[in-house]
Amino acid sequence: MALLIDQIGELVTNDPAWARSGLSADGEKLGIVSDAALIIEGDRVAWVGPSSAAPDADERLDAAGAAVIPGFVESHSHLVFAGERAEEFAARMAGRPYAAGGIRTTIAKTRAASDLELTNNVTRLLGEYRRQGTTTVECKSGYGQDASTELRSVRIAHQHTDSATLLAAHVPPPEYAGRADDYVRMVLDEMIPACAPHASWIDVFCERGAFDGDQTKAVLAAGREAGLGVRVHANQLTAGPGIQIGVELDAASVDHCCHLADADIDALASSNTVATLLPAADFSTRNAYPDARRLIDAGITVALGADCNPGTSYTTSLPFVIALAVQALRMTPAEALWAATAGGAAALRRNDIGRLTPGSRADLVILDAPSHLHLAYRPGVPLVRSVWRAGVPT
């Protein structure tokens, strides 16, 4: 069964082969086709081009001049948790600075929650993501911080999301206060062997108050030895070794990147590692925003994520993140959309999502707008008309 969606006012393919003259370099990356159409067969895109050249199909959907974009790709989320931290947010807004230790507030509630309670929270948040145009979600553990709860968490993430990440080394839990090395030993000896079969990635929060460079490298190396890809929370609150370690270990992504030295830029520019920026976390914590222009101008691949978590970024809205990136990170609307789609796919080392080209998974969003520009031009407005994932309307 083939479905033709035609009369698309603006189709964003993320295929530079469709670049048209007169666009800026960042606009060319979007591969925009005007007065466009596409055909879906099964779960794949089968054809893309101008409406006037569209072949016949079994069914037809008239987009009525709306813009169509690839589904957003969320490459950084923390959805397996219980409880919330609204009072902590209010305290920050009243002037209390953010510190990594706030994570411990969630640990006790997550440990006490049942699998059903944790699963219900994950599916609730995934529903929020989907309604706002996100069709792929990576999800981390990290609020259990004991062997049994980390295993439960990564299993739930694996069952309900596209890509599960073991973040056992989030912060040392309360019972290991002042004994981070002992906790790391437990992660290496117990958590990674038990959890690796249910995960695709290993991650560490490399930061003052969490884990130092040696501890970070030990956990990431052990995860890689167990067959997991590498990701790193790096340089969020202070400058540190996280980015350098990530590049050294061929991390798919280093995330946050708010405090960058010249050596960090040089390392990323000479690597295949993506810099994933999470400006909603900086918005919520009043932290310094990352210098996206410095990264992009150095030729580094940049992704954008929402970083949904109960403490520092309780949002599932990639449209909000795009608007924030344009306003606060000085990204262009085209750069921000690319980073939230193809950039997220690159951060997950996937080439079948984040684009609308023949053979890609048929993940797309029809906007209540004539152009992708409205995602930043009309912040806070619900512009998602409909969402398709793997060829199926959701």
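Check the entry above for the structure.
Each chain carries its own residue numbering, running from 1 in the direction its sequence is written. A pLDDT threshold of at least 70 governs which residues receive local features in this predicted model, and a stricter bar of 80 or more applies before side-chain atom pairs are shown or counted, although totals over entire chains, interfaces and linings include all residues. Hydrogens and water molecules were not included; the side-chain quantities draw on all heavy atoms of the structure.

## Examining the nonpolar core
Of all hydrophobic cores here, the largest spans 91 residues; its most connected members are Leu79, Val219, Leu295 and Leu304. Take this core: its biggest share by element is eight residues, from helix α6 (residues 180-195). Discounting chain neighbours no more than four positions away, the residues touching Leu79 are Asn121, Val122, Leu125, Leu126, Tyr129, Val137, Cys139, Lys140 and Cys308. Within this scheme, the nonpolar core is defined by two criteria: the residues are buried Ala, Val, Leu, Ile, Met, Phe, Trp, Tyr or Cys, and they are joined through side-chain atoms within 4.5 Å. Three exposure classes are used, based on accessible area relative to the maximum for each residue type with a 1.4 Å probe and protein chains only: buried under 20%, partly exposed in between, and exposed over 50%. One finds Val45, Leu356, Leu364 and Ile366 within the second-largest nonpolar core, a separate group that totals 18 residues. Secondary structure elements follow DSSP: runs of H or I of four or more residues count as helices, runs of E of two or more count as strands, with numbering from the N terminus. What makes two residues a contact is simply this: any of their non-hydrogen atoms within 4.5 Å.

## Details of empty space enclosed by the protein
Over the atoms, a rolled probe matching the size of one water molecule traces out where space is still vacant. In this analysis the probe radius is 1.4 Å and the grid spacing 1 Å, with only protein atoms considered; a cavity is a set of points the probe fits into but cannot get out of, a pocket is an open set with protein on both sides within 12 Å along at least five of seven lines, and lining residues have an atom within 4 Å of a point. Grid points are joined across faces, edges and corners, and a volume is the space filled by probe spheres set on the points. Summed over all chains, the structure comprises two cavities of 30 Å³ or more. The space that makes up the second largest cavity amounts to roughly 30 Å³. Ala82, Gly83, Glu84, Arg85, Thr105, Thr106, Lys109 and Pro310 are the residues that line the second largest cavity. In this count, Pro and Cys sit with the nonpolar residues alongside Ala, Val, Leu, Ile, Met, Phe, Trp and Tyr, while Asp, Glu, Lys and Arg are called charged and the others, Gly among them, polar. For the lining of the second largest cavity, a count of residues per class yields two nonpolar, three polar and three charged.

## Focus on the packing of aromatic side chains
Here a pair means two rings of Phe, Tyr or Trp (six-membered ring of Trp) with centres within 6.5 Å. Their orientation is stacked below 30 degrees between planes, edge-to-face above 60, and tilted elsewhere. What the rule picks out here adds up to five aromatic pairs. Between Phe81 and Tyr143, the ring centres sit 6.2 Å apart and the planes meet at 80°, which makes this aromatic pair edge-to-face. Of this pair, Phe81 sits in the loop between β6 (72-74) and α2 (86-93) while Tyr143 sits in the loop between β7 (134-140) and α5 (147-160), placing them 62 residues apart in sequence. For the pair Phe81 and Tyr143, a shared accessibility class is recorded, and that class is buried. Here Phe283 and Phe320 contribute two aromatic rings whose centre-to-centre distance is 5.5 Å and whose plane-to-plane angle is 75°, an arrangement assigned as edge-to-face. Separated by 37 residues along the polypeptide, Phe283 in helix α10 (residues 279-285) and Phe320 in helix α12 (residues 318-328) bring together distant segments of the chain. Residue class for Phe283 comes out partly exposed when judged on its relative accessible area of 45%.

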